[in-house]
Structure formats: C-alpha cells, structure tokens
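Residue-level listing of the chains:
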Amino acid sequence: MNSVLPGLPAWREAGLRYFSYNFHLRQRFGGRVQKVSLDAGFTCPNVDGTVATGGCVFCDNRSFSPSRRIPRTSIAGQLDHGIRVLRRRYSNVERFLAYFQPATNTYAPVERLRRLYFEALDHPQVVGLAIGTRPDCVPDGVLDLLSELAAQTYLSVEYGMQTMHDRSLDWMNRGHHHDAFLDAIQRSRGRGFEICAHVILGLPGETHADMMATAQELARLSIDSVKIHNLYAVKHTPLAEWVASGEVALMERDDYLRTVVDFLERLPAECLVERISGDAPPDYLVGPAWCLDKPALRIALEAEFARRDTWQGRLAGRGAN
Ligand code: SF4
C-alpha cells in the first residue's frame, strides 16, 4: 500500500483501494446500514407495451406484466419482514435503507409514488431511500417529488445506464439510447439526491476500449455513484438461451476482475462504488457461476488492485486505452 499523503480522500486514508459504499454509509450514518428490498408492484414501460413488450434481454420480467401483478404486502409489512430477516444475519444493524428495486420504481402517477415512498420513510428504522429506475421514466413532476424527499432524507436514485454505446443498448432491447440517460442526469442535478448509474461490463461486441469509454463518460458526467455488474444470465430470458446455444459468451472471472480495476482507475476518487459484481439466487442463475461467491470476488479484486499497486481514480481524466 502506498504511504498516506496529505489531501488523500478519506477512503484511501482508511486503506481502501476504492470508495466503497459501505465505507460511505458508515461515515454518513456512524454505523452499518443495510438495504431492504421492496416490491411495490410496479411494472416497466419496456414490458407493458409503452416502449416495448419483451423487456431487456437479461431481465426475467414475466412478473412485471400488468396482468400478472398480484397484490403485495404493504410497504410497512415488507420492511418489517426484511428487517427481521436481515437482523438474523447482522444482529447489530439498527438502520436501514428502503430499496425500491424490481421493475421501474418511478413508473406510476406522482400521487401513488408519494404514498409509497413516504410510507417507507415513515418506518422508524428507515434512514433513507434508494430508488431504481430507467432514465426515460423521470418526468419533471417525479423529479420534483424526489427533490422533496431528498430534502427530508438520504436518497439515492439509480438510473439504468448500462453502457454509453447505443448499439449495445439496442442489442439488449433497452428501449432507450444514451441520450435518455444524459437527459435524466441533466434534469436530476442539483436536486439534492445522489445520482447512481448502473452499468454492465461484458456486453457482447463491446471491446475493452468501449467499456473504458463508458467509465470515462461517467467521469465526465461527475456521477455520484456507480453500480458495476458483470453480464449474467438468469433463467427464462433470451440471454439464457443465447448463452446455452453458445451465441453469447459471458466474461471469465479473471478478465472481469482486471476490467473492473481498469474501470475504477478511470472513475474519479469522489465516485461511490456501490457494487462491483452482479448476482442472482443460485437456483435461478444460468451463469457465470463465479459471480455467486461475492466474498471471494471482493478478495480477488483487492488482490488485483494490490498486485498492480493502483486505486480508483489513478487514471481519471486520461485516455480510454
Ligand atoms: S428496464 Fe429494467 S425492469 Fe424493465 S425490462 Fe429492462 S431490466 Fe427489466
């Protein structure tokens, strides 16, 4: 590890190689904070026919179809249950983020969104919200509501960027292009919430330089935080079929780890890193199997950083290659 120098970001002074989300949450809240995933019964415009019907090729969106939505437990009930489950594993956790996760969590009339978000915020152990959505699903009325929330609590809004390359977005049947992400970011700035970008590495047809260009785009945009996933396949998706037929090859573990380090080197030191890999329940995952062992991946990532004696931001502002 390099010696600690004046002016280093706090995470480097703490001996980290990248600005991990856990580190950020501990600093902000003074202790461990866990996310509780909530299903508020949203669908997605890429499934219900507004944009398309098939959804993204990696998304098992059968349950997002409006005709298949079943009544969910209340938000408060889901929080109580999720907190009970998490506390069995982490007995000392007192604070939680309510995470609106599956489908498109801003895709509803503003008054319905208001009711759901504030119901989550009313829970005594909830200290903030995280909301996952598509960049083409945040009209100004929704952004006004998110600003209002952000004035009262910690809020992270997670936009599915996936990649800056339109040809890859077309491949995944995303139903929007990079310009939609740029528009959402531009309209989200200065509203008091954290702007998070979800990106996927290992998309078919993307070269190493293509992936680094996405990192540089995030740096150019000064995105607050990033979630990095490897492309992985789950059952009942077009991607699962293409992987089975050999049409699509998923990234190997070592290649992925090297690429993540390259990616993080190009992000600014201030960009929070919420995730460094994707995962899915084992009985649901088609591949790659290596992404199931997240602790081992984190250790291997640390080892790759140490082997190269590098860190997040070391190449920020330099060329893509
Ligand atoms: S936008 Fe999200 S929820 Fe909708 S189909 Fe794609 S991955 Fe699934």
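It should be noted that the structure appears before, not after, this text.
Residues numbered from 1 in each chain as written. Predicted model: local features only at pLDDT ≥ 70, side-chain atom pairs only at ≥ 80, totals over all residues. Heavy atoms only, no water.

1. As for the packing of helix α8 (residues 208-220) against helix α10 (residues 253-266)
Phase 1 of the analysis: At their nearest, the axes of α8 and α10 sit 8 Å apart, and the two run at 30° to each other. By the angle class used here, α8 and α10 are roughly parallel. The two elements α8 and α10 cross, and the hand of that crossing is right-handed. From α8, H208, M211, M212, T214, A215, L218 and A219 reach across to α10, where they touch T259, D262, F263 and R266.
Phase 2 of the analysis: Per-class residue counts for the contact of α8 with α10 are six nonpolar, three polar and two charged. (Axes fitted to C-alpha atoms, helices over the stretch in contact; angles between N-to-C directions. Helix = DSSP H or I, 4+ residues; strand = E, 2+ residues; numbered from the N terminus. Parallel < 35°, antiparallel > 145°, perpendicular 65-115°, else oblique. Left-handed = near helix turned anticlockwise from the far one by under 90°. Contact = heavy atoms within 4.5 Å. Nonpolar A, V, L, I, M, F, W, Y, C, P; charged D, E, K, R; others polar.)

2. What to know about the environment of G190
Phase 1 of the analysis: Relative to the helices and strands, G190 is located in the loop between α7 (178-188) and β5 (194-201).
Phase 2 of the analysis: Considered as a pair, G190 and A306 are 116 residues apart in the sequence and their alpha carbons are 36 Å apart.

3. Quick look at unusual backbone geometry
Excluding glycine, residues mostly carry a negative phi; peptide bonds, for their part, are mostly trans.
Phase 1 of the analysis: A cis amide bond links G287 to the next residue, P288, at an omega of 0°.
Phase 2 of the analysis: One non-glycine residue, A103, adopts positive backbone phi at about 70°.
Phase 3 of the analysis: Secondary-structure assignment places A103 in the loop between β2 (95-100) and α4 (110-121).
Phase 4 of the analysis: Classification of A103 as buried rests on a relative accessible area of 18%.
Phase 5 of the analysis: The residue N173 is not glycine, and still its phi comes out positive at about 55°.
Phase 6 of the analysis: Its relative accessible area of 30% is what places N173 among the partly exposed residues. (Buried < 20%, exposed > 50% of the residue type's maximum accessible area, 1.4 Å probe, protein only.)

4. With respect to the side chain of R134
Phase 1 of the analysis: Note that R134 resides in the loop between β3 (126-133) and α5 (140-150).
Phase 2 of the analysis: Within polar-contact distance, the side chain of R134 engages the side chain of D136 at 2.8 Å.
Phase 3 of the analysis: In this structure, R134 is in contact with C44, P45, N46, V51, T104, Y159, R174, G175 and H176, ignoring residues within four places of it in sequence. (Polar contact = N/O pair within 3.5 Å; in protein donor to acceptor, adjacent residues only side chain to side chain.)

5. Thoughts on the pattern of salt bridges
Phase 1 of the analysis: For the structure shown, the criterion picks out 20 salt bridges.
Phase 2 of the analysis: D144 serves as the salt-bridge partner of R191, at 3.0 Å between the closest nitrogen and oxygen. One end of the pair, R191, is in the loop between α7 and β5; the other, D144, is in helix α5, and 47 residues separate them in sequence.
Phase 3 of the analysis: Between E217 and R220 there is a salt bridge, with its nearest N and O atoms 2.8 Å apart. (Salt bridge = Lys/Arg side-chain N within 4 Å of Asp/Glu carboxyl O.)

6. Description of the side chain of R266
Phase 1 of the analysis: Inspection of the secondary structure puts R266 in helix α10.
Phase 2 of the analysis: Separated by 2.9 Å, the side chain of R266 and the backbone oxygen of D262 make a polar contact.

7. Re the sheet that holds strand β6 (residues 225-230)
Phase 1 of the analysis: In space, the seven strands of this open sheet follow the order β1-β2-β3-β4-β5-β6-β8, with parallel pairing throughout. At either end of the open sheet lies a strand with only one pairing partner, and these are β1 (33-38) and β8 (272-275). Direction aside, neighbouring strands of the sheet carry axes that sit 25° apart on average.
Phase 2 of the analysis: When β6 meets β8, the two strands line up parallel, connected through three bridges. The residue of β8 that forms the bridge with S225 is L272.
Phase 3 of the analysis: Lying on the sheet, α7 is in contact with β4 (154-162) and β5; it crosses β4 at an angle near 160°. (Pairing = 2+ DSSP bridges.)

8. Regarding the pairing of β2
Phase 1 of the analysis: Counted residue by residue, β2 has five buried out of six residues, so it is predominantly covered.
Phase 2 of the analysis: Judged from the five bridges that link them, β2 and β3 form a sheet pairing that is parallel. Directly across from F96, in β3, lies its bridge partner V126.
Phase 3 of the analysis: Handedness of the crossover joining β2 and β3 through α4 is recorded here as right-handed. (Right-handed = clockwise from strand over helix to strand, strands pointing away.)

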